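# Report on the structure
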Amino acid sequence: MDIMLILQLIVLFGGIYLGVKLGGMGVGYAGGLGVVVLAMLGMKVEMKDIPTDVILIIASVISAITAMQVAGGLDYLVQVASKFLRKNPKQINFLAPIVTYLLTIFAGTGHTAFSMLPVITEVAKGQNIKPSAPLALSVVSSQVAITASPISAAFVAMTGVCEKLGVSYPKLLFICISTTFIAVVATAFIVNKFYNLDLSKDPVYQERLAKGLVEEIKDTEYKEIKPYAIRSVIIFGIGVLVIVAYALAISKSIGLIEKPILSRDNAIISFMLTIGFLIVVLCKVDTGKLLSTSTFQSGMNACICVVGIAWLGTTFVNGHIDGIKEVAKNVVTQYPFVLAIALYFLSCLLYSQAATTRVMMPAVAAALGMTSPENAQHVWILVASFAAVSGLFVLPTYPTTLGAIAMDDTGTTRVGKFVINHSFFIPGTIMVAISVALGFVVAPILL
């Protein structure tokens, strides 16, 4: 290993470390700084290394969800979900992660889980269940669900890699949804069976209770639903179905549209903007309120993070692609699970499922010599390992993770002395591991 490679590695991990320390858009800022330093060290920096497609998909999806939020659609969805949880409080450890999983599948972003966290905390407290259990399961399931949502940037990026290698859109979607959903339920069962869930016996909770730091459970009060809230949800839902139907229609395995006017990426972007337009017009949305919503702000944050950190990662990978190919060819083919492990740890550093997918999957495919369906015998390894890009919970710095910690006034959702020994690490790792393990069973059979 020469001195230049060492310096470049220091810049790569230094940029990631600084980004994690800064948090929020600081991740993107630090990534941009890293790109500048890599350029000064002589690495080739190109605009094509910026994942423009990923950023535009995130931006367009967020724009449509923002319109739905202003119209009251998100409040309506949260109210429906919270009523469901409150009617079945004893099953909170199973139902809470399923709810956040489905919300993420529907919306294409895990930030929808934010609105469910206070409800999950209240219901768990009412059942004398440590809120840390359903909160950890729910946060992680919302992150894993990104790899199974047909309108998420990560899934679309994965589709772009796999379809060229002969993996049809329907098969990829089926594998991702089936393996991750089963993993969510299985992990919930493990936590429910083997965790100590008795809230009253938690010493931190007792200490906070004695100090008066735990709020009493309040009577349930729901916001008044805006006049066009349900209409906005229907418009968004129909739009998602149209996008999925179009994606199926242009896939080579179905082939209903042999020469599509719009590619899948372009369809998602244009359809989502159209959905936003229809919600604004038909639901009488005040466009002046769009920029101040929590959804828009979190979406812009995600875009900046992806711009900087993915550009930094892709620049480094492309600069050492030959060496990476050699290592991947020798290691991944003999030990396929190594790819999942690499994706798991890289995702917590790159702060994004989409960025991790965009940086790693094309590089690994190229490393394994896969350029067409004829030489793509190892493509199942990529598909099976895909869920491992969901390791954003490893470092307790992701917004939904921090939100869950802040909202749990019982103190059971916490970070330990060693940073990674937090409430999300074990449930999250189990969920990702089960998803990947199921992928390694299902993908070789179907592909």
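The text that follows walks through the structure, step by step, so that each part is easy to find. Values in this document were obtained by computation on a predicted structure and should not be read as measured data. Along each chain, residue indices are assigned from 1 in the same order as the chain's sequence is written. Residues qualify for local features only when their pLDDT is at least 70, as the model is predicted, and side-chain atom pairs are given and counted only at 80 or more; totals for whole chains, interfaces and linings, by contrast, use all residues. Hydrogens are left out, water is left out, and the side-chain values use all remaining heavy atoms of the structure.

### Some points on the overall build of the protein chain
Spelled out, the test is: Numbering of helices and strands runs from the N terminus, with a helix taken as a DSSP run of H or I at least four residues long and a strand as a DSSP run of E at least two residues long. We take the radius of gyration over the C-alpha atoms and set the globule estimate at 2.2 Å times the residue count to the 0.38 power. Three labels apply to residues, based on accessible area from a 1.4 Å probe with only protein chains included: buried if under 20% of the type maximum, exposed if over 50%, partly exposed otherwise in between. Any two residues whose heavy atoms approach within 4.5 Å at even a single point are treated as in contact. Working definition of accessibility: Shrake-Rupley area with a 1.4 Å probe, residue cover restricted to the visible protein chains. Charged residues are defined here as Lys and Arg on the positive side and Asp and Glu on the negative side; His and the ends of the chain fall outside this count. Lysine's charge is taken at NZ, arginine's at CZ, aspartate's at CG and glutamate's at CD.
Assigned secondary structure in the protein chain consists of 19 helices and zero strands. In terms of C-alpha radius of gyration, the protein chain reaches 22 Å, essentially the compact-globule figure of 22 Å for 447 residues. With the C-alpha coordinates aligned to their principal axes, the bounding extent of the protein chain is approximately 60 × 50 × 45 Å. By the burial criterion, 54% of the 447 residues in the protein chain qualify as buried. Pairs at least 24 residues apart make up 82% of the contacts formed inside the protein chain by residues separated by at least 6 positions. Total accessible area on the protein chain is roughly 19600 Å²; 67% of this is exposed by carbon and sulfur atoms. Charged side chains of the protein chain number 29 positive and 23 negative; the gap between the two group centres comes to 3 Å.

### Observations concerning empty space enclosed by the protein
Just so we agree on the cut-off: Using a grid of 1 Å spacing that covers the protein atoms alone, one calls a set of points a cavity when a 1.4 Å probe fits there but cannot get out, and a pocket when the set is open and has protein on both sides within 12 Å along at least five of seven lines; lining residues are those with an atom within 4 Å of a point. Grid points are joined across faces, edges and corners, and a volume is the space filled by probe spheres set on the points.
Scanning all chains against the criterion turns up two cavities of 30 Å³ or more. Of the pockets and cavities examined, the largest cavity occupies roughly 340 Å³. Ile58, Thr109, Ala302, Gln353 and Tyr398 are, among the 26 residues lining the largest cavity, the residues nearest its centre. Put simply, the parts of the chain that give the lining of the largest cavity at least two residues each are helix 3 (52–70), helix 7 (132–144), helix 8 (153–163), helix 13 (294–319) and helix 16 (353–367).

### What to know about the packing of aromatic side chains
The line we're drawing: Each pair of aromatic rings taken from Phe, Tyr and Trp, with Trp reduced to its six-membered ring, is defined by centres within 6.5 Å and is described as stacked if the planes are under 30 degrees apart, edge-to-face if over 60, and tilted in the remaining cases.
Taken as a whole and judged by the stated rule, the model has eight aromatic pairs. The interplanar angle of 80 degrees and the centroid separation of 5.8 Å between the aromatic rings of Phe155 and Tyr169 together place this pair among those described as edge-to-face. Taken together, the residues span a long stretch of sequence, with Phe155 in helix 8 and Tyr169 in helix 9 (residues 169–194) at a distance of 14 residues. Residue classification places Tyr169 among the buried residues on the basis of a relative accessible area of 1%. When the ring of Tyr246 is compared with that of Phe271, the centres are 5.7 Å apart and the planes differ by 70 degrees; the resulting orientation is edge-to-face. Within this pair, whereas Tyr246 is found in helix 11 (residues 229–250), its partner Phe271 is found in helix 12 (residues 264–282), the two being separated by 25 residues in sequence. Residue classification places Tyr246 among the buried positions, given a relative accessible area of 15%. Among the aromatic residues, ring-to-ring pairing joins Tyr344, Phe345 and Phe393 into one connected group.

### Side note on helix 16
Spelled out, the test is: Expected helix span is computed as 1.5 Å times (number of residues minus one). Within 3.5 Å is the distance limit for a polar contact, defined as a pair of N or O atoms, with the added protein rule that one can donate a hydrogen and the other accept it, and that residues adjacent in sequence qualify only through two side-chain atoms.
The end-to-end C-alpha distance of helix 16 is 21 Å, a good match for the 21 Å that 15 residues give at a rise of 1.5 Å each. Most of helix 16 is tucked away: 12 of the 15 residues are buried. Among the residues of helix 16, those classed as buried are Gln353, Ala354, Ala355, Thr356, Thr357, Val359, Met360, Met361, Ala363, Val364, Ala365 and Ala367. For helix 16, the N-terminal cap is Ser352; the gap from its side-chain oxygen to the backbone nitrogen of Ala354 is 3.2 Å. Gly369 sits one or two positions beyond helix 16 and adopts a positive phi of about 75 degrees.

### Some words on the nonpolar core
To be explicit about the condition: As used in this record, nonpolar core signifies buried Ala, Val, Leu, Ile, Met, Phe, Trp, Tyr and Cys residues forming a set joined through side-chain atoms within 4.5 Å.
Grouped together as the largest cluster of nonpolar side chains are 140 residues, with contacts concentrated most on Met116, Phe236, Met272, Ile279 and Leu382. Met116 has contacts with Val78, Ala81, Ser82, Leu85, Val99, Thr100 and Leu103, leaving out every residue within four places of it along the chain.

### A word on the side chain of Thr356
Summarising the element assignment, Thr356 is placed in helix 16. Taking the relative accessible area as the measure of exposure, Thr356 reaches 0% and is therefore buried. Here Ser352 takes part through its backbone oxygen, which lies 2.7 Å from a polar atom of the side chain of Thr356. In contact with Thr356, other than residues within four places in its own chain, are Leu343, Leu346, Ser347, Leu350, Met361 and Val389.

### Brief notes about the environment of Ala183
As for its placement among the helices and strands, Ala183 is situated in helix 9. The exposure class of Ala183 is buried, given its relative accessible area of 0%. Taking C-alpha positions, Ala183 is 5.4 Å from Met431, a pair spaced 248 residues apart along the chain.

### Topic: the packing of helix 6 (residues 117–126) against helix 7
Between two packed helices, the angle of one axis relative to the other and the distance separating the axes together describe the packing. Our working rule: For helices, the fitted axis covers only the stretch in contact; all axes are lines through C-alpha atoms, and the angles between them, taken along N-to-C directions, range from 0 to 180 degrees. Should an angle fall under 35 degrees it is called roughly parallel, over 145 degrees roughly antiparallel, and 65 to 115 degrees roughly perpendicular, with every other angle called oblique. Here a crossing is called left-handed whenever its near helix is offset anticlockwise from the far helix by less than a right angle, and right-handed whenever the offset is clockwise. Three classes are used, and their members are as follows: Ala, Val, Leu, Ile, Met, Phe, Trp, Tyr, Cys and Pro are nonpolar, Asp, Glu, Lys and Arg are charged, and the others, Gly among them, are polar.
For the pair helix 6 and helix 7, interaxial distance at closest approach is 9 Å and the crossing angle is 155 degrees. As the angle between them shows, helix 6 and helix 7 are arranged roughly antiparallel. In terms of crossing hand, the pair formed by helix 6 and helix 7 is right-handed. Packed against helix 6, whose contacting residues are Leu117, Ile120, Thr121 and Ala124, the element helix 7 presents Pro134, Leu135, Ser138 and Val139 at the interface. Residue classes in the contact of helix 6 with helix 7 are distributed as six nonpolar, two polar and no charged.

### Remarks on a nonpolar patch on the surface
As a reminder of what qualifies: Note on patches: the residues involved have over 30% relative accessible area and no salt bridge, like charges join within 9 Å, and the nonpolar side chains Val, Leu, Ile, Met, Phe, Trp and Tyr join within 5 Å. Think of a salt bridge as a Lys or Arg side-chain nitrogen and an Asp or Glu carboxyl oxygen that are within 4 Å of each other.
Taken together, the side chains of Val327, Val331, Tyr335, Phe337, Ile341 and Phe345 present a nonpolar region at the surface, about 560 Å² in accessible area. Elements represented by at least two residues in the nonpolar patch include exactly helix 14 (321–331) and helix 15 (337–350). Among the residues examined, Phe345 registers a relative accessible area of 45% and is labelled partly exposed.

### What about unusual backbone geometry?
One non-glycine residue, Asn128, lies in positive phi territory at about 55 degrees. Within the element layout of this structure, Asn128 appears in the loop between helix 6 and helix 7. Its relative accessible area of 33% is what places Asn128 among the partly exposed residues. One non-glycine residue, Lys284, lies in the positive phi region at around 55 degrees.

### Details of the pattern of salt bridges
Using the criterion set out here, one finds nine salt bridges in the structure. Here Asp202 and Lys130 are joined by a salt bridge, their closest N and O atoms 3.6 Å apart. Taken as a pair, Asp202 in the loop between helix 9 and helix 10 (203–210) and Lys130 in the loop between helix 6 and helix 7 lie far apart in primary sequence, 72 residues in all. Residue Asp202 is classed as buried on the basis of its relative accessible area, which comes to 3%. Judged by its relative accessible area of 14%, Lys130 falls in the buried class. Of the charged contacts, one joins Glu163 and Arg264 as a salt bridge, the two residues approaching to 2.9 Å between their closest N and O atoms. On the criterion of sequence distance, the pair formed by Glu163 in helix 8 and Arg264 in helix 12 is long-range, its members being 101 residues apart. A relative accessible area of 10% places Arg264 in the buried class. Via salt bridges that share partners, Lys44, Glu46 and Lys48 belong to a single interconnected network.

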